[in-house]
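Observations on the three-dimensional arrangement
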Amino acid sequence: MATMDEIDRRIINALQGGFPICPAPYAKAAETIGISQDELLQRLTRLCADGLLSRFGPMYHAEKLGGALTLAAMSVPEERFEEVAEQVNGHREVAHNYAREHHLNMWFVLATEQPSQIDELIAEIEAETGLAVFNMPKREEFFIGLRFEA
Amino acid sequence: MIEIDDKNHQLLAVLADGLPLVPRPYAEIGGQLALSEAEVIARLRHLLETGIIRRLGLIVRHHELGYRANAMAVWDVPDDAVDALGAELADFPFVTLCYRRRRQLPHWPYNLFAMVHGKARARVLAQIGQLNDQVGLRQRPHQVLFSNKRYKQDAARFGGGLAKAG
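Given the structure is predicted, the values throughout are model-derived calculations rather than measurements.

A word on the nonpolar core. Across soluble globular proteins, nonpolar side chains have a tendency to be buried as a group. Core analysis: the biggest nonpolar cluster contains 59 residues, and Leu53, Tyr60, Met106, Phe108 and Leu110 of chain A together with Leu58 and Val60 of chain B have the highest contact counts within it. Excluding residues that lie within four positions of it along the chain, leucine 110 of chain A makes contacts with Leu69, Thr70, Ala72, Glu93, Val94, Ile118 and Leu121 of chain A.

All right, on to helix H2 (residues 25-33) of chain B then. Residues and elements named next belong to chain B. Inspection of H2 places Pro25, Tyr26, Ile29 and Gly30 among the buried residues, and these make up the whole buried set. End-on, the buried residues of H2 take up no more than an arc of 140°, which puts them together on one face. Phi turns positive, to about 55°, at alanine 34, one or two residues after H2.

Attention now goes to the interface of chain B and chain A. By convention, interface size is frequently given as the accessible area that disappears when the constituent parts associate. Contact residues are listed per partner, giving 70 residues for chain B and 67 residues for chain A. At 10 residues, strand S5 (residues 142-153) of chain B tops the list of elements feeding residues into the side of chain B that touches chain A. In terms of strand pairing, strand S1 (residues 53-60) of chain A meets strand S1 (residues 53-60) of chain B through 7 bridges, oriented antiparallel. Paired with tyrosine 60 of chain A across the strands is isoleucine 53 of chain B, a residue of S1 of chain B.

So, on to the domain arrangement of chain B. By domain assignment, chain B separates into domain 1 (6-58) and domain 2 (69-146). Centre-to-centre separation of domain 1 of chain B and domain 2 of chain B, based on C-alpha positions: 36 Å.

Residue and element names in this part refer to chain A. Under the 1.5 Å per step criterion, the end-to-end length of helix H3 (residues 37-49) is 18 Å for 13 residues, consistent within 8% with the ideal 18 Å. If you check which residues of H3 are buried, you get Leu40, Arg43, Leu44 and Leu47. Relative to the axis of H3, the buried residues are bounded by an arc of 100° and lie together on one face. Counted as exposed and oriented over 90 degrees from the buried face of H3: Asp38 and Ala49. In the core, the buried residues of H3 are packed alongside helix H1 (6-14), helix H2 (25-33) and S1. The positive-phi residue at the C-terminal boundary of H3 is glycine 51, with phi of around 85°.

Its domain assignment divides chain A into domain 1 (6-49) and domain 2 (63-135). The gap between the C-alpha centroids of domain 1 of chain A and domain 2 of chain A is 36 Å.

Rules of the game
Residues numbered from 1 in each chain as written. Chains lettered and ligands numbered in written order. Predicted model: local features only at pLDDT ≥ 70, side-chain atom pairs only at ≥ 80, totals over all residues. Core = buried A, V, L, I, M, F, W, Y, C linked by C-beta atoms within 7 Å. Buried ≥ 20, exposed ≤ 12 C-beta atoms within 10 Å, placed from the backbone. Contact = placed C-beta atoms within 7 Å. Helix = DSSP H or I, 4+ residues; strand = E, 2+ residues; numbered from the N terminus. Arc of directions from axis to C-beta. Pairing = 2+ DSSP bridges. Domains from an automatic or database assignment. Expected span 1.5 Å × (residues − 1).

Structure, rendered in structure tokens:
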């Protein structure tokens, strides 16, 4: 794991949202953290390069952009797991894919430009793998904070 | 769906890979789109107010931050109670995501999902125990699914790289 110091932690804890929208936003954010703009930019560049940050930018609302997201799961025989993971991840619409401890042992998020494409994609994955895909679309969102303390 | 004009589409596409790490990032983006800095700022404020951009800031790779005990807790609760229970779960600081999802009977009876991301499995299990006790879910059919390997973590992409969503 890449190393973080106290200032890195302050940056990560302070900037997971609410980034200023003004001409010099890094200067403003740096001030609240208590460092200089240059130091903030250098540290953000390093944290991205070290892979601690996925990116510095926006998180979009898929449905409001006309897209669709869903969570799907499969029951994959252990000996085929790597092969099936490759088949599933080969689709660029697969955003996340995690192995989980359950008979439904592969869980992945699908993101498509059009809602109708979700069913088509699931049918494709089923045809490629010969395995059933269970689609569990969101019905209601109670909380999407997804913030992490460093 | 909210109508989005072409300039906003272009703006979202340019932003998707991240805000430039330079002192005047909105001016730099404007330069790529033939927009002034002030126009970029006005458009971004509007996109945030309308919720098309959920939030602007840094997106962590939680696994790299040491969050390796990541559990999806699920419950089967009556449909007429799920909204109230979901709202209660969402109030716990350690719940990172909480959704109602479609059941897949008979294979999957659970309709209430909460994610708890933590650094130690024992602590995450204790936190889920706290949810069961304090929200009154212990008697409901439930399961905890830890993730034991990440096979992919990308941003969702729309429009051939138009947008990243969550």
